[in-house]
Amino acid sequence: MTTVTAPAPASAARRANKSGTPRRLPKLRTVCLAGGAYLIGLFFLLPYIEMVVTAVRPGSELHDRNLLPSHPTLASFLNIWSTGLGSSLATSLEIAGGATVLVLLVAIPAAYYTARRNFRGKWIFLLLVLITQMFQPTAMIVGIYQQFVQFNMIDSIWSLILVNAGFNMAFAVWILNAYFSAIPKEIEEAAIVDGCSRIGAMFRVIMPLAAPGIVTALIFTFIAAWNEFIVALTLTTQSGPRTLTVKISNFVGEYNVDWQHLFAGSVIATIPVIILFALIEGKVASGLTAGAVK
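Cut-offs applied
- Residues numbered from 1 in each chain as written.
- Predicted model: local features only at pLDDT ≥ 70, side-chain atom pairs only at ≥ 80, totals over all residues.
- Heavy atoms only, no water.
- Phe/Tyr/Trp six-rings, centres within 6.5 Å; stacked < 30°, edge-to-face > 60°.
- Helix = DSSP H or I, 4+ residues; strand = E, 2+ residues; numbered from the N terminus.
- Buried < 20%, exposed > 50% of the residue type's maximum accessible area, 1.4 Å probe, protein only.

Caption draft 1: Examining the packing of aromatic side chains more closely. In total, this model carries five aromatic pairs according to the counting rule given. The interplanar angle of 90 degrees and the centroid separation of 5.8 Å between the aromatic rings of Tyr 112 and Phe 180 together place this pair among those described as edge-to-face. Of this pair, Tyr 112 sits in helix H4 (residues 85–116) while Phe 180 is found in helix H7 (residues 157–182), placing the two residues 68 residues apart along the sequence. Here Tyr 112 falls in the buried class, since its relative accessible area comes to 9%. With 5.8 Å between their ring centres and 15 degrees between their planes, Phe 222 and Trp 226 make a pair best called stacked. Residue Phe 222 and its partner Trp 226 are both found in helix H10 (residues 211–227); the two are separated by four residues, about one turn of the helix. You'll find Phe 222 and Trp 226 in the same group, each marked buried.

As C-alpha cells, this is what we get:
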C-alpha cells in the first residue's frame with residue numbers, strides 16, 4: 001500500500017528558510033526600535049516634504065489649510081530658470097567643487113605626513129589646526145572682506161573658493177590624519193621593499209586603503225561649501241556671480257515672499273547633494289566608523 005503524504009501548508013513553507021528551520025518572528029523590542037527609527041526619520045523629513053508640497057502648490061491655494069494641493073503644478077520649477085537660477089547653480093557647483101579639490105590637494109599630504117612622521121611640535125601643529133575650526137566666517141567677515149578688497153578679489157569666484165577651502169581644511173586634515181594613522185605601516189614598508197618609492201607607496205597602496213576617509217572629507221567639504229551663505233553674500237555684488245544660496249534669498253523681499261519660487265529653488269538646491277551622497281554613501285559610512293572597531 002502506498003502512503004500519500006499531504007504537502008506542507010504554504011504558510012509553513014514560507015516561514016522556513018533555506019536550512020529548513022522555521023523563521024522566527026522579530027521580537028517586540030526590535031519592532032519598537034524599527035518603528036521608532038522610522039518615526040524619527042519621518043519627523044526629520046517633514047520639512048522637506050512641506051518644501052516640495054509648497055513648491056507645487058498654486059498661488060491661489062497658498063494659504064489653504066489642505067495638506068496637499070488640489071491642483072498641483074510644476075510652474076514654479078519651470079519659471080524659476082528665467083530668474084537666472086541656472087547661472088547661480090553653475091556658480092555654486094564651481095565654488096563647491098573647486099574648494100573640495102583644493103582641500104583634498106592640501107589636506108591629504110598634510111595628514112599623511114603628520115600620521116607617518118614624528119616631528120617636534122607635531123601635536124601643537126594639530127592643535128592649532130583644530131583651533132582654526134572653532135572660528136566661524138561670520139566672526140571674521142569684516143577682516144575677510146577687507147583682505148579681498150585690498151587684493152581686488154570682490155566678485156571673484158576664486159575668493160569664495162579660497163575662503164571655503166580655508167574654513168574646511170581643518171576638518172579634512174584631522175579626519176584624514178586619523179585614517180592614515182589607522183593603516184599599518186608594515187603595508188607601506190612592504191610596498192617600498194617591492195620597489196615603490198615613498199610617494200608611489202602613498203598613491204598606490206595607502207590612498208586606496210584610505211578611500212573611505214578621503215570620500216568622507218570630500219562630501220563634508222562639498223556640503224559645507226555648497227551651503228555657505230554669509231561669505232558669498234558679502235564678497236559678491238548684484239553685478240557679480242551669485243551663488244545658489246544667495247540667489248534663493250532674493251525671493252524673500254522686504255514686504256512679500258515669493259514662496260513658490262523660494263521652495264522650488266530650495267528643492268533644486270538639495271538635488272546635487274542628494275545625488276552625490278547617494279553615490280558615495282557606503283564609503284562615507286565606513287569612513288565615519290573607521291577605527292571604531294579594532
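Caption draft 2: Broad picture of unusual backbone geometry. Unusually for a residue other than glycine, Asn 152 sits at a positive phi of about 55 degrees. With respect to the helices, strands and loops of the structure, Asn 152 is situated in the loop between helix H6 (141–150) and H7. Residue class for Asn 152 comes out exposed when judged on its relative accessible area of 69%. Not every positive phi belongs to a glycine, and Asp 155 is a case in point at roughly 65 degrees.

Scope: geometric values only; no functional claims are made or implied.
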